[in-house]
Amino acid sequence: MKRFGYYIYLIICISLFSCNKSNHDFITTESYSWKNNQIIQNDYIATAINDTCIISNYKSDMDTSTISNEWRLTNDISTYPQYQAPTALEVAIYNMSLDEMINAIESDSTLRTGAEWAGVWTRDVSYSIILSMAHMQTSVSINSLLQKINSRIRIIQDTGTGGAWPCSSDRVIWIIAAWEIYLETGNLDWLEMIYPAISNTLEDDRRVIFDKKSNLYMGETSFIDWREQSYPKWMQPVDIYNSKAHNTNVVYAHALKIASQIAEILGHKTSSTIYLQWHKDLKENIYKAFYNSKLNYHNTYIYGRNSNYSEERFESLGEALGILWDITPSDLHKEIGENIPMTDFGVPVFYPYIDSMFSYHNNAVWPFVASYTALAYAKANNDKGVLYSIGSIYRSAALFCTNKENFEASSGDYKHTAINSSNMLWSLSGNIALVHKLIFGIRYELNGLSFHPFVPKAMSGNRKLTNYKYRDAILNISLHGYGNQIKTFILDGVETEPFLPDTLQGMHEIEIELTRSNTTNRVNYCKAQFTPLEPNNIHTNNGLLLWNNDVRIKDYLIYLNGRNIGKINNDNKDTIESFELSNNYSGEIQIVSFDKQKGYSFASEPYRYNNTEIIYEIEDYINNYDTIFNGYEGNGYYVLPDNDSELTLEIDIQEGGTYYIDFRYANGNGPINTDNKCCIRSLSINNNEVGCIVMPQRGTRNWTDWGWSNSIPYEFTPGKYQISINMEPHTFNMNITTNNALIDRMRLTKEK
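Our subject in this report is the structure included herewith. All values derive from a computational prediction rather than experimental measurement.

1. A look at the overall build of the chain
Consideration 1: Of regular secondary structure, the chain possesses 15 helices and 48 strands.
Consideration 2: For 752 residues, the compact-globule estimate of 2.2 N^0.38 gives 27 Å, and the C-alpha radius of gyration of the chain, at 27 Å, lies within 12% of that figure.
Consideration 3: Taken over the C-alpha atoms alone, the chain extends approximately 85 × 65 × 45 Å along its principal axes.
Consideration 4: Across the chain, the fraction of contacts at a sequence separation of at least 24, relative to all contacts at a separation of at least 6, is 72%.
Consideration 5: Counting 62 positive and 85 negative side-chain charges, the chain places the centres of these two groups 4 Å from one another.

Quick look at the structure:
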């Protein structure tokens, strides 16, 4: 025992429950157990005294406070659905989430992101609305979503890497949340109101973030938006823009399907057909690009510069959403469910973790993601996966006596993460969803409610959900037993199909008896694993590829343009490792480290080899160039004005072939990790748009930090061309007003 007071606490808890006749031993892992009304983690115990009180003696090893955690109900929750379960702990955690939900309603009737996070965030509120807030706080959810439409009638991307959109590009999760509101209300006026923002956003994104080469959407991983936490150290914001993330593409695929449905309902037949075809094509391309048959789940993202390397790392939110929204083929659900990495404290955000990186998204469990994962496990009929996901969420909620945003995967502690908050909106929303959408299996359809309950065998018992309002009906639902299938569904004394039409009115009693069919109990239990760092200091000399050697590494794998061309068994102790290059090689080379204990590193920064580069100095094409800021090449640079002007370069191509076009630029309008002033311009060749040039922020007022934009491939034949960058309606950024950069030079790169 760390403190004598723990003994006193334990005695009190035992005495309080001496009359408790329930005997539920739900979960026992190496790190914690859930028994009856208690969560026990070594010397720490959380106890539900009753349905409205939880007391815990949990203390972070980073906390000097001696005050015990405690939650007591403070708000009136009687108007919301009421839950009854075999243990007080289940009910108390549900009630705590209702209590904190009321705390999250701001004075302007919007949803606060967390105790430490004021205001509405597109991503946070949308994932929360999808989980449970569409039903629990319908009007407040509507107000919150409407706050996230800008003056140009586009969905707002939260501030993020390199100045938000288009480096961060998951704003279309808003569309899915807005659809959830419609399923809740059936309000056609709502669809009429939101459709212009949906259409404008989808059309802009198709021109700015859709990659025609891979037929995938580019941009940052959804919600995992702290660059150092999930990407190689060498990646700049422009590299993140250029990457293709599995989870963002899953979000996009579902958003396109919903947009098609909305367009059809509103009579926009042509748009409906187009969006549905985009959805189908993207769904197919996601499987082709990301599914890893060796690991039996999807790779996290594809990255590089002019070429692509696919990162073999598990990521939980995208995997869960792919299953839930049927983006992932149904015949893979079971197999993926059995291969999701599960740790003692739950399913991590991604796995394995990044070595020498603090915990936040890295080496972390986020309860809202765990809630989506629990729902995905249920759809994959994985009993143990559902149980351990619920346990992961209940452990943290009970011990911390609040819905924290995250906790460290390896320790289970919330103070070991870089930033955290209590009363976190998407965490409490996920906790409510465990009851409504998972245990009782309530699913909103276009014309009613269907039921798909899932109760793990260890949680078998009788449960009730009363005062559940749906349109003009009030439902009192009783649930008996355990399993993943409905044995009998009785509505007001009459056995019927498990579906309620949206025309139902008045008070109704529902009895559901469960049975079990084709479930699995296999989970992929994993210990903490931290991958080695990617190789660095890559260069060439006399036909040899050279890099810094780490004697702990077993093998190095060499990639050319995303294709493996060699493997080096690292059996020497030299400080420099080498690989002989062929004169036939041309393009981008990357190296991956492999350690038997730690697995594969990220791929190294692409090294350009045997390429032809043609440089065009901007000042040779304009009269009004500037020289105030240092670091430019040649004689000066061009100051690209906000949302205005056209810059045109006339060039003469001597040798035909595919060239990659990019620009050396500076953008000091904001830091790398926040704000919304990424500079965007359309790129045209002979007056035909071929793509968009993206120039993210590189540091606040840091106009001497120069880098390269994204590159756009173009097939040239010999001859003269006009290359222009200009402002178009779809290239307004999230700031709208400030959209500028310094342009130093243009580069054309051709592989030999």
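After presenting the structure, the write-up continues.
2. Notes on the sheet that holds strand β28 (residues 505-515)
Consideration 1: Pairing in this open sheet of six strands is mixed, and the strands run β7-β23-β24-β28-β25-β26 from one edge to the other. Among the strands making up the open sheet, the edge pair consists of β7 (82-84) and β26 (494-495).
Consideration 2: Across three bridges, the pairing between β7 and strand β23 (residues 461-470) is antiparallel. Note that in β23 the partner of Q82 across the bridge is T466.
Consideration 3: Along the sheet, helix α15 (residues 425-439) makes contact with β7, β23 and β24 (472-481), crossing β23 at roughly 95 degrees.

3. Some words on a nonpolar patch on the surface
Consideration 1: Taken together, the side chains of L188, I265 and L446 present a nonpolar region at the surface, about 240 Å² in accessible area.
Consideration 2: Among the secondary structure elements, L446 is positioned in the loop between β21 (442-445) and β22 (448-451).
Consideration 3: The class of L446 is partly exposed, set by a relative accessible area of 44%.

4. Brief notes about the pairing of strand β5 (residues 53-56)
Consideration 1: Burial along β5 is two-sided: the face carrying C53 and I55 and the face carrying I54 and S56 are both buried.
Consideration 2: With antiparallel pairing between neighbouring strands as the criterion, strand β4 (residues 44-50) and β5 make up a hairpin whose turn holds two residues.
Consideration 3: Examined bridge by bridge, β5 and strand β6 (residues 69-72) share four bridges and lie antiparallel to one another. Within β6, the residue paired with I54 across the bridge is W71.

5. Section: the packing of aromatic side chains
Consideration 1: Tallying each qualifying case throughout the model produces 45 aromatic pairs.
Consideration 2: Considering the side-chain rings of Y127 and W426, the 6.4 Å spacing of their centres and the 50 degrees angle between planes classify their relative orientation as tilted. Here Y127, found in helix α3 (residues 122-136), pairs with W426, found in helix α15; they are 299 residues apart in sequence, far enough to count as distant. Each member of the pair, Y127 together with W426, is buried.
Consideration 3: R206 extends its terminal NZ or CZ atom over the ring of W278, reaching a point 4.0 Å from the ring centre.
Consideration 4: The ring centre of F602 lies 4.0 Å from the NZ or CZ of R313, which sits over that ring.

6. Side note on the pattern of salt bridges
Consideration 1: In the structure shown here, the tally under the stated rule is 37 salt bridges.
Consideration 2: K527 is the salt-bridge partner of E30, the closest N and O atoms lying 2.6 Å from each other. Within this pair, whereas E30 is found in the loop between β1 (25-28) and β2 (33-35), its partner K527 is found in the loop between β29 (524-525) and β30 (530-531), the two being separated by 497 residues in sequence.
Consideration 3: Here D555 ties to K554 by a salt bridge, and the two come within 3.0 Å at their closest N and O atoms.
Consideration 4: Given a relative accessible area of 32%, K554 falls into the partly exposed group.

7. Let's talk about helix α9 (residues 246-265)
Consideration 1: Along its 20 residues, α9 runs 29 Å from first to last C-alpha, staying within 8% of the 28 Å computed at 1.5 Å per residue.
Consideration 2: Judged by how many residues are buried, α9 sits mostly within the fold: 16 of 20 residues are covered.

8. Brief notes about the packing of helix α2 (residues 88-103) against α15
Consideration 1: Contact pair α2 / α15: the axes reach a minimum separation of 9 Å and the direction vectors enclose 135 degrees. Compared by their axis directions, α2 and α15 come out oblique. Considering only the axes of α2 and α15, their crossing is left-handed. Contact residues: α2 offers I93, Y94, S97, L98, E100 and M101, while α15 offers L428, N431, I432, V435 and H436.

Calculation rules
- Residues numbered from 1 in each chain as written.
- Predicted model: local features only at pLDDT ≥ 70, side-chain atom pairs only at ≥ 80, totals over all residues.
- Heavy atoms only, no water.
- Helix = DSSP H or I, 4+ residues; strand = E, 2+ residues; numbered from the N terminus.
- Rg over C-alpha atoms; globule rule 2.2 N^0.38 Å.
- Contact = heavy atoms within 4.5 Å.
- Lys, Arg positive; Asp, Glu negative; His and termini not counted.
- Charge placed at Lys NZ, Arg CZ, Asp CG, Glu CD.
- Pairing = 2+ DSSP bridges.
- Axes fitted to C-alpha atoms, helices over the stretch in contact; angles between N-to-C directions.
- Patch = residues over 30% accessible without salt bridge, like charges linked within 9 Å, V, L, I, M, F, W, Y side chains within 5 Å.
- Areas by Shrake-Rupley, 256 points an atom, 1.4 Å probe, with all protein chains shown as cover.
- Salt bridge = Lys/Arg side-chain N within 4 Å of Asp/Glu carboxyl O.
- Buried < 20%, exposed > 50% of the residue type's maximum accessible area, 1.4 Å probe, protein only.
- Phe/Tyr/Trp six-rings, centres within 6.5 Å; stacked < 30°, edge-to-face > 60°.
- Lys NZ or Arg CZ within 6 Å of the ring centre and 35° of its normal.
- Expected span 1.5 Å × (residues − 1).
- Parallel < 35°, antiparallel > 145°, perpendicular 65-115°, else oblique.
- Left-handed = near helix turned anticlockwise from the far one by under 90°.

Shape is all these values report; function is a separate question.
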